[in-house]
Amino acid sequence: MTIATQNIDKSPFSNFASYNKNSGTQKAYRSRRYHNLEEADRFTKVRATAGAVVGAAIPLVFFAKKQNGSISSLNKLLQIKYGLKEFITIGASSILGGVLAGMIGESKQSRKNKVNEGVFQFMNCSVPPVIIAGLFKLGEKFKPLNNIPCKIAATGVGAVGGMYLAAELSNKINDPKDLYPDRKLTIKDALANFDDVLGALVLAKFKFIEKLGAERLLPAVTAWCGYRAGVSN
């Protein structure tokens, strides 16, 4: 019997998602978005949801009290001025909550996979805002770059470039000895997960984003990241 060998692509971001290309657009999108070998059961979804929501709520309450002095209403709770510290803290807490809750009763391999996905989700929602904030600071020091077109360009570069960098950092953290094919990020993968960088757009403080009240959606977005990590398998 002849056994065919297959070269494993060790370049950055390979093997991002495994799915049947003939299974339809929606299924392919869900595979890229959730990075699952199979759909999580209902109990896992409930655990991941609860963990992610509680994880997001704890720092949300802390920042609301610190900034507004009160959380007497939902409106007060959501009226937070976001900087890098607030966004990354809430994101990290919601992802941690989703992963820990999702791990309950799971196999050792499944728990490991959820931790890996949690690392990816955290990198994906924190690296782009950090890059954008850095580019904005650079623009403030050079007046020719401190204008709307340059800010739009910096946001685009930071958002897209940050997602690719986040994937590479995740590969290094999750597989430091490079024993497995790296997770590959393609343009389609980036588009499927682009809501993760909503925080970057809010931190850019464009007027049209502020008018839409996008800041109020950030806790839900970070909780969604936590949920996706918690149901990952």
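Draft legend 1. Layout of the nonpolar core. Among the nonpolar cores identified, the biggest contains 28 residues, and Leu-60, Ile-80, Tyr-82, Ile-90, Ile-95, Leu-198 and Leu-218 are the most heavily contacted of them. Contributing elements (two or more residues each) for this core: α2 (42–68), α3 (74–78), α4 (84–103), α8 (198–203) and α10 (218–231). Sort the elements by how many residues they give to this core and α10 lands first, with seven residues.

Draft legend 2. Spotlight on the confidence of the model for the protein. Overall, the predicted model of the protein reaches an average pLDDT of 78, with 74% of residues at or above 70. Here helix α1 (residues 25–34) stands out as the least confident element of the protein, with mean pLDDT 47; α4 is the most confident, with 93. Every residue in residues 1–23 is under pLDDT 50, and counting partners more than four places away or in other chains gives 47 contacts. Note that pLDDT drops below 50 for residues 28–34; the model gives that stretch 27 contacts with residues more than four away or on any other chain.

Draft legend 3. Summary view of the environment of Arg-111. As for its placement among the helices and strands, Arg-111 is situated in helix α5 (residues 108–141). As for Arg-111 and Ser-232, which are separated by 121 residues in sequence, their C-alpha atoms are 9.1 Å apart. For Arg-111, the contacting residues outside a window of four places in its chain are Met-103 and Glu-106. Engagement of the side chain of Arg-111 in a polar contact is seen with the backbone oxygen of Glu-106, the distance being 2.6 Å.

Draft legend 4. How the structure looks around α2. In a regular helix each residue adds 1.5 Å, so 27 residues correspond to 39 Å; α2 covers 37 Å between its end C-alpha atoms and thus fits that length. Listing the buried residues of α2 in full gives Thr-44, Arg-47, Ala-48, Gly-51, Ala-52, Gly-55, Ala-56, Pro-59, Leu-60, Phe-63 and Ala-64. Downstream of α2 by one or two residues, Gly-69 has phi in the positive range, about 75°.

Draft legend 5. Highlighting a nonpolar patch on the surface. On the surface, Leu-135, Leu-138, Phe-142, Leu-145 and Val-157 cluster together into a nonpolar patch covering about 430 Å² of accessible area. Take Val-157: it is sitting in helix α6 (residues 148–174).

Draft legend 6. Highlighting the pattern of salt bridges. As enumerated under the stated definition, the model contains one salt bridge in all. With its nearest N and O atoms 3.2 Å apart, the salt bridge here joins Glu-106 to Arg-47. Of the two residues, Glu-106 is situated in the loop between α4 and α5 and Arg-47 in helix α2; the sequence distance between them amounts to 59 residues.

What counts and how
Here the residue numbering is sequential within each chain, running from 1 through the sequence in written order. With the structure being a predicted model, the display of local features is reserved for residues of pLDDT at least 70 and the display and counting of side-chain atom pairs for 80 or more, all residues being used for whole-chain, interface and lining totals. With hydrogens and water stripped out, all remaining heavy atoms of the structure feed into the side-chain values. As used in this record, nonpolar core signifies buried Ala, Val, Leu, Ile, Met, Phe, Trp, Tyr and Cys residues forming a set joined through side-chain atoms within 4.5 Å. To sort residues, take the accessible area from a 1.4 Å probe on protein chains only and compare it with the maximum for the residue type: under 20% means buried, over 50% means exposed, and anything in between is partly exposed. Under the scheme used here, helices are H or I runs from DSSP no shorter than 4 residues and strands are E runs no shorter than 2 residues, and both carry numbers assigned from the N terminus. The predictor's confidence in any single residue is recorded as pLDDT, a number from 0 to 100. Residues count as neighbours in contact if any of their non-hydrogen atoms are within 4.5 Å of one another. We define a polar contact as two N or O atoms separated by no more than 3.5 Å, with the added condition that, inside protein, one atom must be a possible hydrogen donor and the other a possible acceptor, whereas residues neighbouring each other in sequence contribute only through side-chain atom pairs. One less than the residue count of a helix, multiplied by 1.5 Å, gives the span that helix is expected to have. Note on patches: the residues involved have over 30% relative accessible area and no salt bridge, like charges join within 9 Å, and the nonpolar side chains Val, Leu, Ile, Met, Phe, Trp and Tyr join within 5 Å. Using a 1.4 Å probe, accessible areas were evaluated by the Shrake-Rupley method; residue-level cover was limited to the displayed protein chains. The salt bridge definition used is simple: a Lys or Arg side-chain nitrogen within 4 Å of an Asp or Glu carboxyl oxygen.

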